[in-house]
Amino acid sequence: MGTIHIDLFTTLDLVAQAPGGRQEDPDGFPFGGWQAPLIDESDGRQVTDNMRGMDALLLGRRTYDIFAAYWPHQTGEIADLLNRVPKYVASRGNPHLTWADSAQLGPDLVSAVRSLRDKHEKVHVIGSLNLVQTLLRERLFDQLNLWVYPIVLGTGKKLFDGGEVPANLTLLEPATTSSRGAVHLRYGLAEGVPATGEMGA
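The rules we used
Each residue is numbered by its place in its chain's sequence as written, counting from 1. Local features are withheld for residues below a pLDDT of 70 in this predicted model, meaning they are given only at 70 or higher, and side-chain atom pairs are given and counted only at 80 or more; totals for whole chains, interfaces and linings count all residues. Each side-chain value is derived from all of the structure's non-hydrogen atoms; neither hydrogens nor water enter the calculation. Secondary structure elements are taken from DSSP: a helix is a run of H or I of four residues or more, a strand is a run of E of two residues or more, and numbering for both begins at the N terminus. The cut-offs for exposure are 20% and 50% of the maximum accessible area for each residue type, with area from a 1.4 Å probe on protein chains only; residues under the lower value are buried, those over the upper are exposed, and the others partly exposed. Pairs of residues are marked as contacts when any of their non-hydrogen atoms sit within 4.5 Å. Positive charge is attributed to Lys and Arg, negative charge to Asp and Glu, and no charge count is given to His or to the chain ends. Think of each charge as sitting on NZ of Lys, CZ of Arg, CG of Asp or CD of Glu. Salt bridges, as used here, are contacts in which a Lys or Arg side-chain nitrogen is within 4 Å of a carboxyl oxygen on Asp or Glu. Only Phe, Tyr and Trp rings take part, Trp by its six-membered ring, and two of them pair if their centres are within 6.5 Å. Stacked means planes under 30 degrees apart, edge-to-face means over 60, and tilted covers everything else.

1. Comments concerning the overall build of the protein
So, step 1. Within the protein one finds five helices and nine strands.
So, step 2. Going from N to C terminus, the protein has its helices and strands arranged as β-α-β-α-α-β-β-α-β-α-β-β-β-β.
So, step 3. Projected onto its principal axes, the C-alpha positions of the protein cover 60 × 40 × 35 Å.
So, step 4. The buried share of the protein, reckoned over its 201 residues, is 46%.
So, step 5. Excluding contacts between residues fewer than 6 apart, the proportion of contacts in the protein whose partners are at least 24 apart in sequence is 73%.
So, step 6. In the protein, 18 positive and 24 negative side-chain charges are present, and the distance between their average locations comes to 3 Å.

2. Digging into the pattern of salt bridges
So, step 1. Enumeration over the complete set of coordinates arrives at nine salt bridges.
So, step 2. Two residues, Asp25 and Lys157, come together in a salt bridge whose shortest N-O distance is 2.8 Å. In this pair, Asp25 sits in the loop between strand E1 (3-11) and helix H1 (41-51) while Lys157 sits in the loop between strand E6 (143-149) and strand E7 (168-171), placing the two residues 132 residues apart along the sequence.
So, step 3. For Asp25, a relative accessible area of 8% gives the class buried.
So, step 4. One salt bridge in this structure joins Glu41 and Arg45, with 4.0 Å as the shortest N-O distance. With Glu41 and Arg45 both in helix H1, this residue pair falls four residues apart, about one helical turn.
So, step 5. Each member of the salt-bridge network shares a partner with another, and the members are Asp25, Asp27, Arg62 and Lys157.

3. Considerations on the packing of aromatic side chains
Pairs of aromatic rings are described using the distance from one ring centre to the other and the angle between the two planes.
So, step 1. Under the criterion given, the structure shown has eight aromatic pairs.
So, step 2. Relative to Trp147, the ring of Phe9 has its centre 5.4 Å away and its plane inclined at 50°; by these criteria the two rings are tilted. One end of the pair, Phe9, is in strand E1; the other, Trp147, is in strand E6, with 138 residues separating them in the sequence.
So, step 3. Relative accessible area serves as the criterion here: at 22%, Phe9 is assigned to the partly exposed category.

Here you go:
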């Protein structure tokens, strides 16, 4: 069975809205593009390394539209990989699937994502915050890769926004940091739910 990898850029207060540009998701959000001043070469290397072995891409509608308008016109290791692998879009509407090798998932999202595990070894979900929150709620992921940047925005759509369920996660490797203070955290979904206890016991 394949694995589902969620890749997200967030702030310290876990805002994950529109990191890459002002027009990604501008609705009432004044900080679009907040990641751009903070990214460095080590971030790029980590993202590239993280994507190695990916054989499918799963995106929400908004992220798909952004990627489809940009990546087909780019070259380089990441562009070649994204353009080569199958792309799956989670959408209730009728997206224009202009990017090569794209397909829309069926209306039963949970079943459709489970079927991707049977078809692919390593499926990555990049951005796509609404989709990610569904996957978290359904515990339908295997790895959560976070790049956490040293800013607090106080507004915007957050990674955990009220619909998540209790879950245990395991840190898969020591955290790495960039020269500008970003921390890369790689977690795996573990069995069970969080335990409780008494500190004085």
